[in-house]
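Given next are the chains, with one letter for each unit.
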Amino acid sequence: MTSAGEQSLDGLADLALELASSLDSREVIERTLRRAIDVIQADRATLSSVEDDGLSIEATVGAGGDVTWIGRHYEMDYLANQPLVAEAIATQTPVVGGRLDAERAAPEFREALQAVRHTAVIPLTVAGEVVGLVVLSRADDPGFDPARTEALRVIGGIAGMALNNARLHTETVTARRAAQEAATHLEAAHAAKSDLMDYAVHEMRGPLAVALGYVSMARDGSLGELADAMIQPLAIVEAKLGEALSIAEEMLTLARIEGGTLPVVTERVDLVALVHEVTHTASAESPDARIDVVVGAGATFAIADHDRTRLIISNLVGNALKYSREHPQIVITISGSGAMVNVSVRDSGSGVDEADRGRIFDRFQRGNDERHRAVPGTGLGLYISRAFARRMDGDVELTASEPGVGSTFVLSLHAALAT
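Now for a description of the structure that goes with this document. These numbers were taken from a predicted model, which means no experiment stands behind them.

Some thoughts on the packing of helix 9 (residues 271-285) against helix 10 (residues 306-322)
The relative placement of two packed helices is expressed as an angle between their axes plus a distance between the axes.
Part 1 of the argument: Two elements in contact, helix 9 and helix 10, have axes whose closest approach is 10 Å; the angle formed by their N-to-C orientations is 45°. Our classification of the angle between helix 9 and helix 10 gives oblique. Along this stretch, helix 9 crosses helix 10, giving a crossing that reads as right-handed. Where helix 9 approaches helix 10, its residues Leu 271, Leu 274, Val 275, Glu 277, Val 278 and Ala 282 are matched on the opposing element by His 306, Thr 309, Arg 310, Ile 313, Ser 314, Val 317 and Leu 321.
Part 2 of the argument: Across the contact of helix 9 with helix 10, the residue classes tally to 8 nonpolar, 3 polar and 2 charged.

Description of the packing of aromatic side chains
Part 1 of the argument: Evaluation of the coordinates by the stated rule reveals 1 aromatic pair.
Part 2 of the argument: Consider the rings of Phe 361 and Phe 409, whose centres lie 6.2 Å apart with planes at 70°: the pair is edge-to-face. Placement of Phe 361 in the loop between strand 11 (340-346) and helix 11 (370-373) and of Phe 409 in strand 13 (residues 406-414) is noted, with a sequence separation of 48 residues between them.
Part 3 of the argument: Sitting over the face of the ring of Phe 301, Arg 268 holds its NZ or CZ atom 4.2 Å from the ring centroid.
Part 4 of the argument: One residue, Arg 386, lies across the ring of Phe 361, its end atom 3.8 Å from the ring centre.

Some details on the pairing of strand 12 (residues 395-402)
Consecutive side chains of a regular strand alternate in pointing toward one face of the sheet and then the other.
Part 1 of the argument: Sheet topology note: the strand 12/strand 13 ladder contains 7 bridges and is antiparallel. Residue Glu 402 lies in a different strand from strand 13, and its bridge partner there is Gly 406.
Part 2 of the argument: Taking the residues that link successive antiparallel strands as the turn, the strand 12-strand 13 hairpin has 3 residues, and the phi of Gly 404 there is positive, at about 85°.

With respect to the sheet that holds strand 12
Part 1 of the argument: Read from one edge to the other, the open sheet built from 5 strands follows the order 8-10-11-13-12, with strand pairing classed as mixed. One side of each edge strand has no neighbouring strand; the edge strands of this open sheet are strand 8 (290-295) and strand 12. Each adjacent strand pair in this sheet contributes to an overall mean axis angle of 15°, direction not counted.
Part 2 of the argument: Here 7 bridges tie strand 10 (residues 329-337) to strand 11, and the two strands are oriented antiparallel to one another. Counted as the bridge partner of Ile 332 is Val 345 from strand 11.
Part 3 of the argument: The sheet strands contacting helix 9 are strand 8, strand 10, strand 11 and strand 13, and the helix crosses strand 8 at an angle near 175°.

Quick word on a negative patch on the surface
Part 1 of the argument: A surface patch of negative charge is lined by Glu 51, Asp 52, Asp 53 and Glu 129.
Part 2 of the argument: By the secondary structure assignment, Glu 51 is in strand 1 (residues 44-51).

A few points about the pattern of salt bridges
Part 1 of the argument: Evaluated as defined, the whole model comprises 8 salt bridges.
Part 2 of the argument: The salt bridge partner of Asp 307 is Arg 310, with a shortest N-O separation of 3.2 Å. Here the residue Asp 307 and the residue Arg 310 both occupy positions in helix 10, the gap between them amounting to 3 residues, near one helical turn.
Part 3 of the argument: Residue classification places Asp 307 among the partly exposed residues on the basis of a relative accessible area of 42%.
Part 4 of the argument: Through salt bridges that share partners, Glu 277, Asp 307 and Arg 310 make up one connected network.

Topic: the side chain of Ser 344
Part 1 of the argument: Relative to the helices and strands, Ser 344 is located in strand 11.
Part 2 of the argument: If sequence neighbours within four positions are ignored, Ser 344 has contacts with Val 331, Ile 332, Thr 333, Thr 408, Phe 409 and Val 410.

Let's talk about a nonpolar patch on the surface
Part 1 of the argument: Together, Val 210, Tyr 214, Met 217 and Leu 223 make up an exposed nonpolar region whose accessible area comes to about 390 Å².
Part 2 of the argument: For Leu 223, the location among the structural elements is in the loop between helix 7 (179-219) and helix 8 (228-258).

Digging into unusual backbone geometry
Most peptide bonds are trans, and most residues other than glycine sit at a negative phi.
Part 1 of the argument: The amide bond that connects Asp 141 to the next residue, Pro 142, takes the cis arrangement and shows omega of 0°.
Part 2 of the argument: Residue placement: Pro 142 occurs in the loop between strand 6 (129-138) and helix 6 (149-174).
Part 3 of the argument: Even without glycine at this site, Gln 92 takes up a positive phi of about 55°.
Part 4 of the argument: Mapping Gln 92 onto the fold places it in the loop between helix 4 (83-91) and strand 4 (95-97).
Part 5 of the argument: We classify Gln 92 as partly exposed; its relative accessible area is 30%.

A look at the pairing of strand 3 (residues 67-74)
Part 1 of the argument: Of the strand pairs in this sheet, strand 2 (residues 54-62) and strand 3 are connected by 6 bridges, and their pairing is antiparallel. Counterpart to Ile 57 in the pairing with strand 3 is Arg 72.
Part 2 of the argument: Linking two consecutive strands that pair antiparallel, namely strand 2 and strand 3, is a turn of 4 residues; a positive phi of about 100° is found at Gly 65 within it.

Examining the sheet that holds strand 6
Part 1 of the argument: Ordered in space as 3-2-1-6-5-4, the 6 strands form an open sheet in which the pairing is antiparallel. What marks the edges here is a single partner per strand, and that holds for strand 3 and strand 4. Strand-to-strand twist of the sheet, defined as the mean angle between neighbouring strand axes without regard to direction, takes the value 15°.
Part 2 of the argument: By the bridge criterion, 8 bridges tie strand 1 to strand 2 in an arrangement that is antiparallel. Pairing of Ser 49 across the sheet is with Ser 56, part of strand 2.
Part 3 of the argument: With respect to the sheet, helix 2 (residues 25-40) is in contact with strand 1, strand 2, strand 3, strand 5 (118-126) and strand 6, its orientation differing from that of strand 2 by roughly 60°.

Reading the values: the criteria
Residues numbered from 1 in each chain as written. Predicted model: local features only at pLDDT ≥ 70, side-chain atom pairs only at ≥ 80, totals over all residues. Heavy atoms only, no water. Axes fitted to C-alpha atoms, helices over the stretch in contact; angles between N-to-C directions. Helix = DSSP H or I, 4+ residues; strand = E, 2+ residues; numbered from the N terminus. Parallel < 35°, antiparallel > 145°, perpendicular 65-115°, else oblique. Left-handed = near helix turned anticlockwise from the far one by under 90°. Contact = heavy atoms within 4.5 Å. Nonpolar A, V, L, I, M, F, W, Y, C, P; charged D, E, K, R; others polar. Phe/Tyr/Trp six-rings, centres within 6.5 Å; stacked < 30°, edge-to-face > 60°. Lys NZ or Arg CZ within 6 Å of the ring centre and 35° of its normal. Pairing = 2+ DSSP bridges. Patch = residues over 30% accessible without salt bridge, like charges linked within 9 Å, V, L, I, M, F, W, Y side chains within 5 Å. Areas by Shrake-Rupley, 256 points an atom, 1.4 Å probe, with all protein chains shown as cover. Salt bridge = Lys/Arg side-chain N within 4 Å of Asp/Glu carboxyl O. Lys, Arg positive; Asp, Glu negative; His and termini not counted. Charge placed at Lys NZ, Arg CZ, Asp CG, Glu CD. Buried < 20%, exposed > 50% of the residue type's maximum accessible area, 1.4 Å probe, protein only.

What follows is the structure, encoded as structure tokens:
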């Protein structure tokens, strides 16, 4: 059975991915309201944009899921005089409490507020500034759980950046008549999107790592004797948390690649030693696999980033293992070719269909057939591998593939001069 905590983590992960993929402010607003209602189990959620001279109530969503678009401007006093709202704005932290003061609200909202017993206010923030508010309400007891304020804080940060990102994009489209101005806005929108993913995934990694730590402690008996009935479920939970943490790491790497904040430091790299390091780890994780390493003629040292190169080779070997049948057979060949040195990974796996070969290096792309869909993954491994290789003035290519027989991927890097 999935716990409320796991549901919250799943909800935050879904929200980050949903909002990062949208540059439409209405989509961002609607998804934010629906997710906020789900996380805190509210009857209604309303989002308002904070402006210099007041605020605009954008939309409201009820528990039934229907969205009402309002788009009405009000003076800030109507909300600033509400203690819960004032505290949320001043502290830039979600606040939960009782009902709002109906007498201080705009006249058209007073009757509806009379039925509200509990309220939560989420400030939407960007770079230390409140750009919006989400007000959630519940008509019946119990009140909102204060323990959920951390999840609401993350929602506020994610939604604030996504809404700001969407508005930047809208401004860009409007300004396209001026080519240079449009280019500037597009760059800002792209940077904001990368910042959003960086922030969202960074925030998710912490809770995932903590949850994985507690599950591991429970499994090894550190938290007391474990009932037999809990051994298998906890093993499944541990594996799924590990998968989620791995996905978070890939998403963080993607955001930093596209944001230009992930450095590549080149040095002289011994590819033979690096390949043996990767295959040692892979063999321990897949003891039924046969992995042969062949050192061919020519250079075996490269001018490359050691850690990025290890990640690329690990991704290629990992794919070869995931997409192979029982008892995988993999041959890794290191050989020089002119000014380049190549690491070739040949497997005995399912291969890549002709129709998929042109897109498997795109982000979030995987093979469309049943063999590939059955294997868990994000479709980021090859995209990240090629991006790193090209930042080192190299490349990763699919040089041969036949469905049902196997594939060969080749990493090419500049060869290091002999010393």
